[in-house]
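Remarks on the overall topology
Now for the letters of each chain:
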Amino acid sequence: MSGDPERMEINTQSKPSPLILFVDDNPALRTIIPEVLSRCGHTVTTADGGESCLQMLKEMKPDMILLDIMMEPMDGWDTLKAIRKVPEYQDIPIVVLTGKVFLPSEMLKYGQDIVGWIKKPVRMEPFTTAIQSIITELEGDRRFAEESGGRTSSEERDQIALHRRRLRVLRRIYDGIITQCIHPNSGSHTGWEEDTKMMTDLIAGEEQWCRDYGIL
């Protein structure tokens, strides 16, 4: 038992602490979330809204952004769009926090720009588990792409990691919509047929790209 703390200290020092930018207009959560994530080995800084997030990104580049959707006056979706318009921010992983399920229109607009989502209200143990799971998956995407290094350029490896992640996330969003919004047991999904087709077409496009590059 006496050797365990030493091993933990070595592991902590050998791997840089991920820097997470937490964006939420709720002051209580801006206090609680950084405290909880710091116990898991993450370094967390906060922004109280979309505008302050964009200002902070001019001075720093986090390893991940946790972005609340229901904010005022600039909501999370507008913040996400503004972030992705800047070329230097294109590769920052963004996890959205929302109190509702995705709508098909939201999946079609924003699904390709995020690496995951977490439902509110936040329960701390599942929350930290979800964050670590997303980080682990992103590391897996990078490793997978690096293993293709002998036959691809660095730009292509970046694309392999990106599309592998997109396919995984889009499938999960789709499953969430089908389960919680469209209710597949209700019959013909009246009114949702076109939305469902567009979502499946979006996923099919990612699947085809992945097949072409040997990911599937």
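Each chain carries its own residue numbering, running from 1 in the direction its sequence is written. Reporting in this predicted model follows two pLDDT cut-offs: at least 70 for local features of residues, and 80 or more for side-chain atom pairs to be given and counted; totals over whole chains, interfaces and linings ignore these cut-offs and use all residues. To obtain the side-chain values, all non-hydrogen atoms of the structure were included, while hydrogens and water were left out.

A word on unusual backbone geometry
A cis amide bond links Glu-72 to the next residue, Pro-73, at an omega of -5 degrees. Every helix listed is a DSSP run of H or I at least four residues long, and every strand listed is a run of E at least two residues long, numbered separately from the N terminus. Inspection of the secondary structure assignment puts Pro-73 in the loop between strand 3 (64-68) and helix 4 (76-84). A cis amide bond links Lys-120 to the next residue, Pro-121, at an omega of 0 degrees. In this structure, Pro-121 sits in the loop between strand 5 (116-119) and helix 6 (124-146).

Some words on the pattern of salt bridges
Salt bridges are defined as contacts in which a side-chain nitrogen from Lys or Arg sits within 4 Å of a carboxyl oxygen from Asp or Glu. Per the counting criterion, the structure on display carries 14 salt bridges. The salt bridge partner of Arg-39 is Glu-35, with a shortest N-O separation of 2.7 Å. Pair noted here: Arg-39 and Glu-35 are both in helix 2 (residues 27-39), with a separation of four residues, about one helical turn. Accessible area is worked out with a 1.4 Å probe on protein chains only. A residue is then buried under 20% of its type maximum, exposed over 50%, and partly exposed in between. You can call Arg-39 exposed: its relative accessible area is 63%. By relative accessible area, Glu-35 is classed as partly exposed at 42%. Taking the shortest distance from any N to any O, the salt bridge between Asp-141 and Arg-168 comes out at 2.8 Å. Taken together, the residues span a long stretch of sequence, with Asp-141 in helix 6 and Arg-168 in helix 7 (residues 154-182) at a distance of 27 residues. In this structure, Asp-141 and Arg-168 share a single accessibility class: buried.

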